[in-house]
Amino acid sequence: MSDKVTISQAGRDRLSASPATPSGEYPLEYYAMPQWLAGLFPTELSGKLGARADDMYVKGGHLIGRYDAERYEYGKRLDSHLQAAMKKEGVDSLPEYHEAMTVDKAASERLRQQLRESLAGDPKMMELMGVLGMSLPR
């Protein structure tokens, strides 16, 4: 048994006129980040459902509980440097972030280089990166 469904012309017109996502909401891919930026995070969850505590992290699990203050300060400083680089590049909205970070490879590379220079010029950030085992984005 099969059913046949048809959509009226008015329904097709309405569907093509409506945005893909409701106003103020963005597709999940708008929140993606390039690998060079992801590499700047000192911890990474495994994503395994039901993972044991010692298998929860694929990166930086040994930092949890031991370097919490350093991770917090590192995160604040990283965000500050990233926001400054994006502002310099004219990125001030999520759609612009998506375009600059994942779609436009030249813009992503400019942001990577700006962030790298900014981080390298911050002695405290370099100290924190050493403590947390981090390196500048390549």
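Now for a quick tour of the structure.

Parameters at a glance
- Residues numbered from 1 in each chain as written.
- Predicted model: local features only at pLDDT ≥ 70, side-chain atom pairs only at ≥ 80, totals over all residues.
- Heavy atoms only, no water.
- Buried < 20%, exposed > 50% of the residue type's maximum accessible area, 1.4 Å probe, protein only.
- Helix = DSSP H or I, 4+ residues; strand = E, 2+ residues; numbered from the N terminus.
- Contact = heavy atoms within 4.5 Å.
- Arc of directions from axis to C-beta.
- Polar contact = N/O pair within 3.5 Å; in protein donor to acceptor, adjacent residues only side chain to side chain.
- Core = buried A, V, L, I, M, F, W, Y, C linked by side-chain atoms within 4.5 Å.

Bringing helix 4 (residues 94-103) into the picture now. Those residues of helix 4 that fall on the buried side of the exposure criterion are Y97, H98, A100, M101 and T102. Lining the buried residues of helix 4 we find helix 2 (35-38), helix 3 (68-89) and helix 5 (105-120).

Below, the discussion takes up helix 6 (residues 123-132). Buried within helix 6 are the following residues: M125, L128, M129 and L132. The buried side chains of helix 6 occupy one side of the element, clustering within an arc of 100° when seen end-on. Of the exposed residues in helix 6, those oriented more than 90 degrees away from the buried face are P123 and G130. Tucked inside the fold, the buried residues of helix 6 contact helix 3 and helix 5. Residue D122 occupies the N-cap position of helix 6, its side-chain oxygen lying 3.1 Å from the main-chain nitrogen of K124.

Attention shifts here to the nonpolar core. If you look at the biggest cluster of nonpolar residues, it comprises 23 residues, and the most contacted ones within it are L37, L40, Y74, M101 and L115. Residue assignment for this core shows that the elements contributing at least two residues are helix 2, helix 3, helix 4, helix 5 and helix 6. For this core, the element with the highest residue contribution is helix 3, accounting for five residues. What L40 contacts, discounting residues up to four positions off in sequence, is Y74, L78, L115, L119, M129, M134, S135 and P137.

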